[in-house]
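Chain residues, written in single-letter form:
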Amino acid sequence: TKQIVLKSRPVGVPTLKNFETKTVELSAIANGEVRLVAHTVSVDPYMRGRMSDAKSYVAPYSVGEAIAGGVVARVVESKSDSLKVGDYVMGMLPWQEEMVVPAAGLQVVDGNIAPLSYYLGVLGMPGLTAYFGLLDIGKPKAGETVVVSGAAGAVGMVVGQIAKIQGCRVVGIAGDDAKVNYLLNEMHFDAVINYKTTTNLDAALAEACPTGVDVYFDNVGGEISDSVVAQINKGARIIICGQISLYNETSVPMGPRIQPTILKRSALMQGFIVSNYAERFPEGFKALASWVTAGKLKYAQTTLKGFDKLPEAFIGLFEGKNTGKLLVEM
Ligand code: NDP
């Protein structure tokens, strides 16, 4: 079966040369194991961190070994009491067309509740990230202004819509006019700024947030966040979810010293990793699924077709190629 491995660690922006496709033999299936055929594979920004050998919250990938991440797969052979042939499961699995893995650690997913791919997006890790980050740390109140960067992405579009459900004024920041229009027209954001075409982000933000910023959900970091943080209100909450603008940097860029702003405005700034909330995932899933089924939470996906597209899809995250969740369907 085909497998995609990390051939070399990227320096700066990842390229196709950092990946290699190999053919491997599947091991025989043992008791407690299942054989799976990949159905939909997720590419996520955090994987960039695992391609480097710097210490982080998840261990780095080894050079020469398969990349792994969120995968929805179909059970085609089972030596486990918990899974039967035909079940669809989700798990942290290798980039491999077919695989033999332990059944433990796989989660059965139900295609009747929502499309299977949603378990990698709005009903999966990105959706839970939006839910817990915004509600648990951001604690948005009706009437407050919530700004979200990376607004048209897998996490960002869920953040904005949950904030709308909470009765907030929602301002998004994204890098493409089609994304801006999508968020305004389909997801009912109150204002969206294209950070790539605006000539003055500070002024655009001030106009979009006439009463200041109460909650900032930060997916990107860098200069965009410098601009938002400068406009926070007293008692603002800043949620550090991601810093994608910095993931490919080879040195740490210097920004403004924001501590005086945090101090003077009695603001809270907190980072988090979604797995901190693992015990509460059922609560988050239930809320997200109920909004999706009620039509209150819409979701967009950008899907490439074919196993071989995985490296290209992954690199696309850093070029803004996706609206909503970026996926590769087999
Ligand atoms: P997205 O679907 O948002 O995809 C990435 C998007 O980031 C691109 O489409 C692009 O959109 C934007 N982007 C890329 N480069 C830059 C840049 N230099 N400056 C500004 N924007 C850029 O990914 P996710 O929704 O999966 O993840 C969003 C963020 O959340 C990431 O930083 C990720 O690491 C983080 N995350 C954190 C988790 C946690 O547990 N803390 C869990 C999951 C995700 P555009 O066209 O707008 O530029």
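Numbers given to residues run from 1 along each chain, matching the order in which its sequence is written. Predicted model: local features are reported for residues with pLDDT of at least 70 only, side-chain atom pairs are reported and counted for 80 or more only, and whole-chain, interface and lining totals are derived from all residues.

## Describing the pairing of strand 4 (residues 68–78)
- Pairing of strand 3 (residues 33–42) with strand 4 involves seven bridges; the strand directions are antiparallel. Paired with Val 41 across the two strands is Val 71, which belongs to strand 4.
- Strands are treated as partners if at least two bridges between them are detected by DSSP. Helix and strand definitions follow DSSP, with helices as H or I runs of at least four residues and strands as E runs of at least two, each counted in order from the N terminus. In terms of strand pairing, strand 4 meets strand 5 (residues 88–94) through seven bridges, oriented antiparallel. Within the sheet, the bridge partner assigned to Val 72 lies in strand 5 and is Met 90.

## Some words on the packing of helix 5 (residues 201–208) against helix 6 (residues 222–229)
- Running from N to C, helix 5 and helix 6 cross one another at 45°; their axes reach a closest spacing of 10 Å. If you check the angle between helix 5 and helix 6, you find them oblique. Considering only the axes of helix 5 and helix 6, their crossing is right-handed. Listed contacts from helix 6 to Leu 201, Asp 202 and Leu 205 of helix 5 are Ile 224, Ser 227 and Val 228.
- Only Asp, Glu, Lys and Arg are considered charged, only Ala, Val, Leu, Ile, Met, Phe, Trp, Tyr, Cys and Pro nonpolar, and every remaining residue, Gly among them, polar. Looking at the contact of helix 5 with helix 6 residue by residue, the class counts come to four nonpolar, one polar and one charged. Axis definition: a line fitted to C-alpha atoms, over the contacting stretch in the case of helices. Angles run 0 to 180 degrees between N-to-C directions. Angular relationships are summarised with four words: roughly parallel below 35 degrees, roughly antiparallel beyond 145, roughly perpendicular across 65 to 115, and oblique for the angles in between. By convention, the crossing between two helices is left-handed when the near helix turns anticlockwise from the far helix through less than a right angle, and right-handed when the turn is clockwise. Contacts here follow a simple rule: the backbone-placed C-beta atoms of the two residues must lie within 7 Å.

## Focus on the sheet that holds strand 9 (residues 169–174)
- The sheet built from six strands is open, its strands ordered 10-9-8-11-12-13 with parallel pairing. Strand pairing shows two members of the sheet lacking a second neighbour, strand 10 (191–194) and strand 13 (268–271), which therefore form its edges. For this sheet, the mean angle separating the axes of adjacent strands, direction not counted, is 15°.
- Where helix 2 (residues 125–138) meets the sheet, it contacts strand 11 (213–218), strand 12 (232–240) and strand 13, and its direction lies at approximately 145° from that of strand 12.
- The strands touched by helix 4 (residues 177–185) are strand 9 and strand 10; relative to strand 10, the strand with the most contacts, the crossing angle is about 175°.

## Some points on the environment of Ile 4
- Here Ile 4 is to be found in strand 1 (residues 2–6).
- Ile 4 sits 260 residues away from Lys 264 along the chain, and the two C-alpha atoms are 50 Å apart.
- Look past the residues within four positions of Ile 4 in its chain and what remains in contact with it is Phe 19, Thr 21, Ala 66, Ile 67, Trp 95, Leu 310 and Pro 311.

## Examining the domain arrangement of the chain
- Domain ranges listed in this record stem from an automatic or a database domain assignment. The assigned domain composition of the chain is domain 1 (2–121 + 300–329) and domain 2 (125–275).
- Contacts between the two partners involve 16 residues from domain 1 and, on the opposite side, 17 residues from domain 2.
- Here the residues of the side of domain 1 that touches domain 2 are counted per class, giving six nonpolar, eight polar and two charged.

## Focus: the site of the ligand
- Only the C-beta atom, placed from the backbone, is used; a residue is near a molecule or strand if that atom lies within 6 Å of it. Close contacts around the ligand come from 32 residues, with Gly 153, Ala 154, Gly 175, Gly 242 and Gly 320 the closest.
- Broken down by element, the residue count for the shell around the ligand peaks at three residues, all from helix 2.
- Residue composition of the shell around the ligand, by class: 18 nonpolar, 11 polar and three charged.
- Looking at the shell around the ligand, you find at least three residues from each of domain 1 (2–121 + 300–329) and domain 2 (125–275).

## Examining the nonpolar core
- A set of buried residues drawn from Ala, Val, Leu, Ile, Met, Phe, Trp, Tyr and Cys, joined through C-beta atoms within 7 Å, is what defines a nonpolar core. Counts of 20 or more other C-beta atoms within 10 Å of a residue's own C-beta define buried residues, counts of 12 or fewer define exposed ones, and intermediate counts define partly exposed ones; C-beta atoms are placed from the backbone. One finds Val 72, Val 89, Val 147, Val 159, Leu 183, Tyr 216 and Phe 217 to be the most contacted residues of the largest nonpolar core, which totals 96 residues.
- Ranked by residues supplied to this core, first place goes to helix 2 with six residues.
- What Leu 183 contacts, discounting residues up to four positions off in sequence, is Ala 151, Ala 152, Met 157, Gly 160, Gly 172, Ala 174, Phe 189 and Val 192.

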